[in-house]
Amino acid sequence: MVKPRYPLLFLLLFGGMMAAFYWIQPSRPEQADYYPAGRDINPFAFTDEDGQPFVPASLLGQWTFLFVGYTFCPDICPTTLAELRSVYPALKKIAPESQVVFISADPQRDDVARLKTYTAFFHPDFKAATGSHDKLFPFVRNLGLIYSIADQGERDYLIDHSASIVLINPEGKLKAVFRPQMKEGQVPHVVMATLVSDFARIVRLEGE
């Protein structure tokens, strides 16, 4: 007796549809800590490199790559900003409304003029902002980052800070965190090729 082939045909059609579904679905980021619903960022008020207020509204309408550091940083900050400069055209191609923001955790030395000169050295479009520590600490902690000052009494004190880059979506919510690669004997840094590819995935997911 010949068994009907309809169940087999159904399975083949169903399998084909599922394969097509997964093929057209945008894949999730490979390495970034990704928050599909986004995370709220508490209110904040800083001053930017032009002496203007830098507030939550400054993040709206743009994808923001935000990095916390300080201008006297000997390694992580200049390395990260230089690498962001190298991929900035690629980021703008993925989403023209993209910006890079450098938040200084050193308000004592990083005044408005110094911030403007520092970020302009890497790219004239890069923004910067800072504020008093009572405002900076909760803001940085809210983003899942940290910083600490070893000995502010010293003239050339250093600041320990995260090497991660956070991504804030155009609605002003924390969308992803790009963690640095840690290798012995090397400066911690985010792999920019992965950042770019993950950003493309996130933008596509956001558009679904």
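All values reported here derive from a predicted model rather than from experimental measurement.

Undergrad: What exactly am I supposed to notice about the environment of asparagine 142 here?
TA: As for its placement among the helices and strands, asparagine 142 is situated in helix H4 (residues 133-142). On a C-alpha basis, the gap between asparagine 142 and isoleucine 41 in space is 6.6 Å, while along the polypeptide they are 101 residues apart. Those residues in contact with asparagine 142, other than ones at most four positions away along the chain, are Asp40, Ile41 and Asn42.

Undergrad: Is there a simple way to think about the pattern of salt bridges in this case?
TA: Side chains carrying opposite charge are able to pair once their charged atoms draw close together. This model, assessed by the stated rule, comprises nine salt bridges. A salt bridge links aspartate 48 to lysine 127; its shortest N-O distance comes to 3.6 Å. With aspartate 48 in strand S2 (residues 46-48) and lysine 127 in strand S6 (residues 127-130), this pair connects stretches of sequence that are 79 residues apart. Relative accessible area serves as the criterion here: at 6%, aspartate 48 is assigned to the buried category. Measuring nitrogen to oxygen at the nearest pair gives 2.8 Å for the salt bridge that ties lysine 175 to glutamate 206. Of this pair, lysine 175 sits in strand S10 (residues 174-178) while glutamate 206 sits in helix H5 (residues 192-207); the two residues are 31 residues apart in sequence, bridging distant segments of the chain.

Undergrad: When you look at the packing of aromatic side chains in this model, what are you seeing that I'm missing?
TA: Aromatic ring pairs are reported here in terms of the distance separating the ring centres and the angle at which the planes meet. In total, this model carries 13 aromatic pairs according to the counting rule given. When the centroid spacing of 5.6 Å and the interplanar angle of 40 degrees are considered together, the rings of phenylalanine 102 and tyrosine 118 count as tilted. Of the two residues, phenylalanine 102 sits in strand S5 (residues 98-104) while tyrosine 118 sits in helix H3 (residues 112-122), which places them 16 residues apart along the sequence. Each of the two residues, phenylalanine 102 as well as tyrosine 118, counts as buried. With 5.1 Å between their ring centres and 85 degrees between their planes, phenylalanine 121 and phenylalanine 122 make a pair best called edge-to-face. Chaining the aromatic ring pairs together yields one cluster made of Phe67, Phe102, Tyr118, Phe121 and Phe122. A cation over a ring is seen here: arginine 109 above phenylalanine 72, with NZ or CZ 4.4 Å from the ring centre. The positively charged end of arginine 109 is found above the aromatic ring belonging to tyrosine 157, 3.7 Å away from the centroid.

Undergrad: Teacher, can you tell me more about the nonpolar core here?
TA: Across soluble globular proteins, nonpolar side chains have a tendency to be buried as a group. Phe65, Leu66, Ile103, Phe139, Ile165, Phe178 and Leu195 are the most contacted members of the largest nonpolar core, which totals 57 residues. When neighbours within four sequence positions are excluded, phenylalanine 65 is seen to be in contact with Leu91, Gln99, Val100, Val101, Ile165, Val166, Leu167, Phe178, Leu195 and Phe199.

Undergrad: Looking at this structure, how should I read the sheet that holds strand S9 (residues 165-168)?
TA: Within a sheet, neighbouring strands are paired by backbone hydrogen bonds and run either parallel or antiparallel to one another. Ordered by their spatial adjacency, eight strands build an open sheet running S1-S10-S9-S4-S5-S6-S2-S3, and the pairing between neighbours is mixed. Edge positions in the sheet fall to strand S1 (33-39) and strand S3 (53-54), since each of these pairs with one other strand and no more. Sheet topology places strand S4 (residues 63-69) next to S5; seven bridges connect them, and they run parallel. Within the sheet, the bridge partner assigned to phenylalanine 65 lies in S5 and is valine 100.

Reading guide: rules and limits
Residues numbered from 1 in each chain as written. Predicted model: local features only at pLDDT ≥ 70, side-chain atom pairs only at ≥ 80, totals over all residues. Heavy atoms only, no water. Helix = DSSP H or I, 4+ residues; strand = E, 2+ residues; numbered from the N terminus. Contact = heavy atoms within 4.5 Å. Salt bridge = Lys/Arg side-chain N within 4 Å of Asp/Glu carboxyl O. Buried < 20%, exposed > 50% of the residue type's maximum accessible area, 1.4 Å probe, protein only. Phe/Tyr/Trp six-rings, centres within 6.5 Å; stacked < 30°, edge-to-face > 60°. Lys NZ or Arg CZ within 6 Å of the ring centre and 35° of its normal. Core = buried A, V, L, I, M, F, W, Y, C linked by side-chain atoms within 4.5 Å. Pairing = 2+ DSSP bridges.

By themselves, these are just geometric observations and shouldn't be taken as functional.
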